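Geometric and topological summary
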Amino acid sequence: MLEHARRQPGAECCGLLAGHGGIITAIFPAENALASPTAYEIAPRELFALFRRMREERLDHLGIYHSHPTGENRPSGRDIEQAYYPEAAYFIISPQRDAPKPIRAFSICDGGAAELEIVVTML
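Analysis parameters
- Residues numbered from 1 in each chain as written.
- Predicted model: local features only at pLDDT ≥ 70, side-chain atom pairs only at ≥ 80, totals over all residues.
- Heavy atoms only, no water.
- 1 Å grid on protein atoms, 1.4 Å probe; cavity = no way out; pocket = protein on both sides within 12 Å on 5 of 7 lines; lining within 4 Å.
- Points joined across faces, edges and corners; volume = space filled by probe spheres on them.
- Helix = DSSP H or I, 4+ residues; strand = E, 2+ residues; numbered from the N terminus.
- Nonpolar A, V, L, I, M, F, W, Y, C, P; charged D, E, K, R; others polar.
- Phe/Tyr/Trp six-rings, centres within 6.5 Å; stacked < 30°, edge-to-face > 60°.
- Buried < 20%, exposed > 50% of the residue type's maximum accessible area, 1.4 Å probe, protein only.

1. Let's talk about the layout of surface pockets
Once rolled over the atoms, a probe with the size of a water molecule shows which space is left empty. Taken as a whole, the largest pocket holds about 570 Å³ of empty space. Along the wall of the largest pocket there are 21 residues; nearest its centre are Ile23, Ile24, Phe91, Ile118 and Val119. Those elements that place two or more of their residues in the lining of the largest pocket are strand 2 (23-30), strand 3 (60-67) and strand 4 (89-93). For the lining of the largest pocket, the leading source of residues is strand 2, giving four residues. In the lining of the largest pocket, the residues fall into 15 nonpolar, four polar and two charged. What the second largest pocket holds in volume is close to 320 Å³. Along the wall of the second largest pocket there are 13 residues; nearest its centre are Tyr40, Glu41, Ile42, Gln82 and Tyr84. Looking at the lining of the second largest pocket, the elements that each hand over two or more residues are helix 2 (44-56) and helix 3 (77-81).

2. What to know about the packing of aromatic side chains
When we look at a pair of aromatic rings, we describe it by the centre distance and by the angle of the planes. Per the stated rule, a full pass over the model turns up one aromatic pair. Aromatic side chains Phe51 and Tyr85 sit 5.9 Å apart centroid to centroid with 40° between the ring planes, which places their arrangement in the tilted category. Placement of the pair is Phe51 in helix 2 and Tyr85 in the loop between helix 3 and strand 4, with a sequence separation of 34 residues. Look at Tyr85 and you get partly exposed, because its relative accessible area is 25%.

Written out as structure tokens, the structure is:
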């Protein structure tokens with residue numbers, strides 16, 4: 001995710017995360033259809049294809065990620081407003097090399113956001 005964000009420093013990058021039992025094991029990078037530095041959207045056709053691929057690989061949709069190229073990596077008002085998957089974790093990436101926490105995750109539900117602890121495991 002961090003590499004994806006750093007390859008696109010002028011626009012928000014985005015993608016989906018999947019796995020089993022609450023453990024993310026797969027990253028599905030997507031194209032930001034808006035090509036914007038302050039907003040992202042996965043085009044419906046690509047989103048459908050990514051969900052189909054997850055089903056084919058028998059993976060559960062566990063999260064969504066996007067970057068904030070120049071701002072702090074916490075949910076914006078737009079992020080909270082457009083959090084359509086309340087069961088998913090929302091990862092926000094800062095591509096800035098001096099970011100204290102370049103990857104943060106949040107639960108976004110009912111208009112609020114709570115930071116989640118990220119635990120890295122070796123499989």
